[in-house]
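If you want the building blocks of each chain, they are given just below.
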Amino acid sequence: MKKSAPALVRRIPWVLVVFVAALTIPWVGSRYDTFLATQIAISALFAMSLNLLLGTTGLVSFGHVAYFGIGSYVCGILMKTYAVPFSIALPAAAIGSALGALVFGFFCVRLTKIYFAMLTLAFSQIIWAICYKWNDVTGGDQGIPDVPYPNLDWMSSIPLLGDLRIAQQFYVLTLIVVMLSLAAIQRIIASPFGLMLTTIRENPERAASIGLNVRRYELSAFVIAGGFAGIAGALFGIFNRGVFSDFVYWPKSAEVMIMTILGGIDHFWGPVVGAATLVLLNQEITSYTQYWPFVLGTILLLLLFVFPGGIVGGLTTGLEWLRRKTGRRASA
């Protein structure tokens, strides 16, 4: 029996395909292209972590940046102040963010809808205040500058990688970490646990009536999402060559929310596409006009009106419509 084209497409390991395509950028693109690709990869992981709450579980978090910031500070402090290697600092950042999410999530999941969203924002503001005022640990408003790159000498023995600059080698490392994280998120969403989260998103009352502990599942999703946000934050602190309190300020939560919604919360690759779109639009518009916030906002509004289900959702709907129309013509 022949498989249909959509079934064959679903069987393609898209995470691996995207990884291989993105891996060529240091060789086929410029140093600026590598810079943008690194920013997109980190933003994509951050947006994907939020979508575990927003798209998969149905929880609207306005304070997801808190766990991004915790990961940044944990990794930055360990690497800069205590000379801890990246192989230890990165998992520590993920664990620290997950623990922060566990503490805050314990209170947040007791509320629903707008009250949940506002409580997440309140906790993120607490984290920002701590980062801004705790000078002895976080550097206060001066932050932690000059966070070092990881030791990447091991890449020198690998063909082609040894000839790359340090920033390009860090891009390769970032890409590996991000793609492994995306693969893990994909497995989580497709697992029975992920299906339970989707059930809770669709109807939490019915999920509770069949015996699911809704709060426990929501808290688990909250912790997992926080851990992946911490990984993104750790990578961004190194990429930015410093960790600052702005990383934890509430506009960063709005930015990642826009990325997620713009790409499409109902599709796995939606946050990735949204992150790439927002980063590229921001870079292009700022190079042409000083009124870039107005222009960017206008473009985003148009995109959201044209693609109410996100860019990926709009493209998927368009392709389905085209496939049905072509099928009707063929049968006629």
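Quantities reported herein were computed from a predicted structural model and do not represent experimental measurements. Each chain carries its own residue numbering, running from 1 in the written order of its sequence. Confidence filtering applies because this is a predicted model: local features only for residues at pLDDT of at least 70, side-chain atom pairs given and counted only at 80 or more, and all residues used for totals across whole chains, interfaces and linings. Excluding hydrogens and water, the side-chain figures rest on all heavy atoms present in the structure.

Student: Would you mind showing me how to read the overall build of the protein here?
Tutor: Only DSSP runs of H or I covering at least 4 residues are called helices, and only runs of E covering at least 2 are called strands; the numbering of each starts at the N terminus. Along its length, the protein carries 16 helices and 2 strands. The globule rule is 2.2 Å times the number of residues to the power 0.38, and the radius of gyration it is compared with is taken over C-alpha atoms. For 332 residues, the compact-globule formula gives about 20 Å, and the C-alpha radius of gyration of the protein, at 21 Å, lands near that figure. A principal-axis box enclosing the C-alpha atoms of the protein has dimensions of 70 × 50 × 45 Å. Excluding contacts between residues fewer than 6 apart, the proportion of contacts in the protein whose partners are at least 24 apart in sequence is 73%. Contacts are assigned to residue pairs that have any heavy atoms within 4.5 Å of one another.

Student: Quick question: what am I supposed to make of the packing of helix H14 (residues 270–286) against helix H15 (residues 292–306) here?
Tutor: The description of two helices packed together rests on the angle between their axes and the distance between the axes. Their axes nearest at 9 Å, the elements H14 and H15 cross at an angle of 140°. For the pair H14 and H15, the crossing hand works out as right-handed. Of the residues in H15, those touching H14 at Thr 277, Leu 278, Leu 281, Asn 282, Ile 285 and Thr 286 are Trp 292, Val 295, Leu 296, Ile 299, Leu 300 and Leu 303. Split into classes, the residues belonging to the contact of H14 with H15 amount to 9 nonpolar, 3 polar and no charged. Orientation is described by lines fitted to C-alpha atoms, with helices fitted over the stretch in contact, and by angles between N-to-C directions that extend from 0 to 180 degrees. For any helix crossing, the convention is left-handed if the near helix is rotated counterclockwise from the far helix by under a right angle, and right-handed if that rotation is clockwise. For this scheme, ten residues count as nonpolar: Ala, Val, Leu, Ile, Met, Phe, Trp, Tyr, Cys and Pro. Four count as charged, namely Asp, Glu, Lys and Arg, and the remainder, Gly too, count as polar.

Student: Before we go on, may I ask you to explain the packing of aromatic side chains in this structure?
Tutor: The criterion for an aromatic pair is that two Phe, Tyr or Trp rings (for Trp, the six-membered ring) have centres within 6.5 Å, with stacked assigned to planes under 30 degrees apart, edge-to-face to planes over 60 apart and tilted to the rest. All told, the structure shown has 20 aromatic pairs when counted by the stated rule. Between Trp 128 and Tyr 249 the ring centres are 5.0 Å apart and the planes differ by 40°, which places this aromatic pair in the tilted class. With Trp 128 in helix H7 (residues 113–133) and Tyr 249 in the loop between strand E2 (242–243) and helix H13 (251–263), this residue pair connects regions lying 121 residues apart in the sequence. Think of it in three bands: residues with accessible area under 20% of the maximum for their type are buried, residues over 50% are exposed, and the middle band is partly exposed, with areas taken using a 1.4 Å probe on protein chains only. The exposure class of Tyr 249 is partly exposed, given its relative accessible area of 32%. Relative to Phe 247, the ring of Phe 236 lies with its centre 5.1 Å away and its plane at 65°, an arrangement referred to as edge-to-face. Here Phe 247 lies in the loop between E2 and H13 and Phe 236 lies in helix H12 (residues 214–239), a separation of 11 residues in the sequence. Residue Phe 236 shares its accessibility class with Phe 247, and that shared class is buried. One aromatic cluster in this structure is built from Tyr 32, Phe 35, Phe 46, Phe 68, Phe 236, Phe 239, Phe 244 and Phe 247. Any Lys NZ or Arg CZ that is within 6 Å of a ring centre and within 35 degrees of that ring's normal is treated as a charge sitting over the ring. Arg 110 extends its terminal NZ or CZ atom over the ring of Phe 106, reaching a point 4.3 Å from the ring centre. The ring of Tyr 149 carries the charged tip of Arg 241 above its face, separated from the ring centre by 4.4 Å.

Student: For this particular structure, what's the right way to read H13?
Tutor: Quick reminder: α-helices carry 3.6 residues per turn. Residues three or four places apart thus point the same way. Working rule for helices: expected span equals 1.5 Å times residues minus one. Relative to the 18 Å expected for 13 residues at 1.5 Å per residue, H13 spans 19 Å between its end C-alpha atoms, a close match to the ideal helical length. Among the residues making up H13, those that are buried are Lys 252, Ser 253, Val 256, Met 257, Met 259, Thr 260, Leu 262 and Gly 263. Two residues or fewer past H13, Gly 264 is found with a positive phi of approximately 125°.

Student: What is the right way to read the packing of helix H6 (residues 86–108) against H7 from this model?
Tutor: Interhelical geometry of H6 versus H7 gives an angle of 145° and a closest axis separation of 10 Å. For H6 against H7, the interelement crossing comes out right-handed. Contact residues: H6 offers Phe 104, Phe 107 and Cys 108, while H7 offers Phe 116, Leu 119, Thr 120, Phe 123 and Ile 127. For the contact of H6 with H7, the residue count by class is 7 nonpolar, 1 polar and no charged.

Student: In this structure, what is going on with the nonpolar core? I would like to understand it.
Tutor: Considering soluble globular proteins, one finds that nonpolar side chains tend to be buried as a cluster. We define the nonpolar core as a collection of buried residues of types Ala, Val, Leu, Ile, Met, Phe, Trp, Tyr and Cys that are connected through side-chain atoms lying within 4.5 Å of one another. Grouped together as the largest cluster of nonpolar side chains are 92 residues, with contacts concentrated most on Leu 45, Tyr 67, Leu 182, Ile 231 and Leu 235. Per-element accounting of this core gives the leading share, 14 residues, to helix H4 (residues 31–57).

Student: I keep staring at the state of the cysteines and nothing clicks. Help me out?
Tutor: Linking two cysteines covalently via their sulfur atoms produces the bond known as a disulfide. In this description, the term disulfide denotes a pair of cysteine sulfurs within 2.5 Å. Counted according to the given criterion, the structure contains 0 disulfides. Just so you know, Cys 108 is unpaired, no disulfide at all, and the nearest cysteine sulfur is the one on Cys 131, 17 Å from it. Exposure remark for Cys 108: the relative accessible area of 0% places this residue in the buried category. In this structure Cys 131 is not part of a disulfide, and its nearest cysteine sulfur, from Cys 75, lies 14 Å away.

Student: What is the right way to look at the environment of Leu 161 in this model?
Tutor: Inspection of the secondary structure puts Leu 161 in the loop between strand E1 (144–145) and helix H9 (166–190). Each C-alpha atom of the pair Leu 161 and Trp 27 lies 9.9 Å from the other, and the pair is 134 residues apart in sequence. Here Leu 161 is in contact with Trp 27, Met 155, Gln 169 and Val 172, once residues within four sequence places are set aside.

Student: What am I meant to see in unusual backbone geometry here?
Tutor: Keep in mind that most residues, glycine aside, have a negative phi and that most peptide bonds are trans. One non-glycine residue, Ala 83, lies in the positive phi region at around 55°. Secondary-structure assignment places Ala 83 in the loop between helix H5 (65–81) and H6. Residue classification places Ala 83 among the exposed positions, given a relative accessible area of 63%. The backbone of Leu 160 shows a phi angle near 75°, a positive value even though the residue is not glycine. Secondary-structure assignment places Leu 160 in the loop between E1 and H9.

Student: What am I meant to see in the pattern of salt bridges here?
Tutor: Any two side chains of opposite charge can pair if their charged atoms end up close together. By convention in these notes, a salt bridge is any Lys or Arg side-chain nitrogen within 4 Å of a carboxyl oxygen on Asp or Glu. Under the definition given, this model contains 2 salt bridges. As a salt-bridge pair, Arg 201 and Glu 202 come within 2.6 Å of each other at their nearest N and O atoms. You can call Glu 202 exposed: its relative accessible area is 57%. Note that Glu 255 is salt-bridged to Lys 252, the shortest N-O span being 4.0 Å. You can see Glu 255 and its partner Lys 252 sitting in helix H13, 3 residues apart, about one turn around the helix. On the basis of relative accessible area, Glu 255 is assigned to the partly exposed category, the value being 32%. In this structure Lys 252 comes out as buried when scored by relative accessible area, which is 18%.

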